[in-house]
Amino acid sequence: MTASGEPVSATRSVGPPPRERLLAIDEPAAFEIVNADGAGNAVLVCDHATNRLPRRLGTLGLSAANLADHIAWDLGAADVARRLSDLLDAPLVLSGYSRLVIDCNRPLDSAESIPAQSDRVPVPGNGMLTAEDRALRIEVLFKPYHQAIGATLDRRAGRPCLLLSIHSFTAVLAGQSRPWSIGFAHGRDRRFAALILAAMNRDPNLVVGDNQPYAVDDASDYTIPVHGENRGLPHVLVEIRQDGLATPVDVCAWAARLAAGFRQIEPAALALCTPSRR
């Protein structure tokens, strides 16, 4: 009974489901899968594929220039990943929204998961979030993306699988120039990275980073530790400098280089494979 003596309804009214509280019905899903039935041995993911924002969040208080810049996405990475998916006949899972809404490659307890600033640029729309706001972004965007990766890998259980996470990096960060043409990042298991590093280092025109400009670790990375290390899959995080991805010709050239390097080391990489752990 209520205080006024009225009976309490047996069912409480509930609001719209989480997705509808963040995304309009005509907005894209939290992920996109390309070439889901690809027959190659690689599986590709792209954590920072787009600078798209849910319309309900407006611009997060940022300018159009900010949202076109590297703080919002990995410029060119999705284009390389799509082309590489074609060349390797590989399934590809891409994130559907900007890393500024929630970063799909950051642990949820990281300060960079929903950044209040990025490369010294404040993100006003992330400054005063409630616990409910954070939980909504996790539920609608972060979890579905990683569930899609997990389901893609589950479908390939029992067969060899090589995981590549495709990223790009800005040529200048915090005022510091970064000389690498491309970098390959790894954490506890360097074996797959070592193979592709050796292949790419054969090109005298490239400056190749080994855990440069970034390394993989549990504090700053989510995708490789969870989907690569925890499953026992050979894995590597690929970082291409963004000024080398300025045109479609550049994108195709990088995808072709990566595909050629992958094919060179594929037999040795497959020898690293053991049955995956879910």
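Novice: Before we move on, could you go through the packing of aromatic side chains and cite the residues and values that matter?
Specialist: A complete count under the given rule lists one aromatic pair for this structure. For the ring pair Phe142 and Tyr222, a centre distance of 4.9 Å and an interplane angle of 70° mean the geometry is edge-to-face. One end of the pair, Phe142, is in helix 4 (residues 131-155); the other, Tyr222, is in the loop between strand 10 (208-210) and helix 6 (223-229), and 80 residues separate them in sequence. Residue Phe142 is classed as buried on the basis of its relative accessible area of 3%. Accessibility expressed as a relative area gives 23% for Tyr222, which makes it partly exposed. If you follow Arg52 out to its NZ or CZ, it ends over the ring of Tyr97, 5.6 Å from the centre. Sitting over the face of the ring of Trp254, Arg257 holds its NZ or CZ atom 4.4 Å from the ring centroid.

Novice: I'd like a rundown of the sheet that holds strand 3 (residues 92-95), residues and numbers included.
Specialist: Strands sit in the order 1-3-2-6-11-9-10 across an open sheet of seven strands; the sheet is mixed. Lying at the two open borders of the sheet, with one neighbouring strand each, are strand 1 (31-34) and strand 10. Across the sheet, the mean angle from the axis of one strand to that of its neighbour is 20°, orientation sign disregarded. Sheet topology note: the strand 1/strand 3 ladder contains four bridges and is antiparallel. Bridge pairing in strand 3 links Ile33 to Val93. Strand contacts of helix 4: strand 1, strand 2 (42-46) and strand 3, with the helix running at about 175° to strand 3, the strand carrying the most contacts. The strands touched by helix 5 (residues 191-200) are strand 6 (162-169), strand 9 (182-185), strand 10 and strand 11 (235-241); relative to strand 11, the strand with the most contacts, the crossing angle is about 40°.

Thresholds, definitions, all that
Residues numbered from 1 in each chain as written. Predicted model: local features only at pLDDT ≥ 70, side-chain atom pairs only at ≥ 80, totals over all residues. Heavy atoms only, no water. Phe/Tyr/Trp six-rings, centres within 6.5 Å; stacked < 30°, edge-to-face > 60°. Helix = DSSP H or I, 4+ residues; strand = E, 2+ residues; numbered from the N terminus. Buried < 20%, exposed > 50% of the residue type's maximum accessible area, 1.4 Å probe, protein only. Lys NZ or Arg CZ within 6 Å of the ring centre and 35° of its normal. Pairing = 2+ DSSP bridges. Axes fitted to C-alpha atoms, helices over the stretch in contact; angles between N-to-C directions. Contact = heavy atoms within 4.5 Å.

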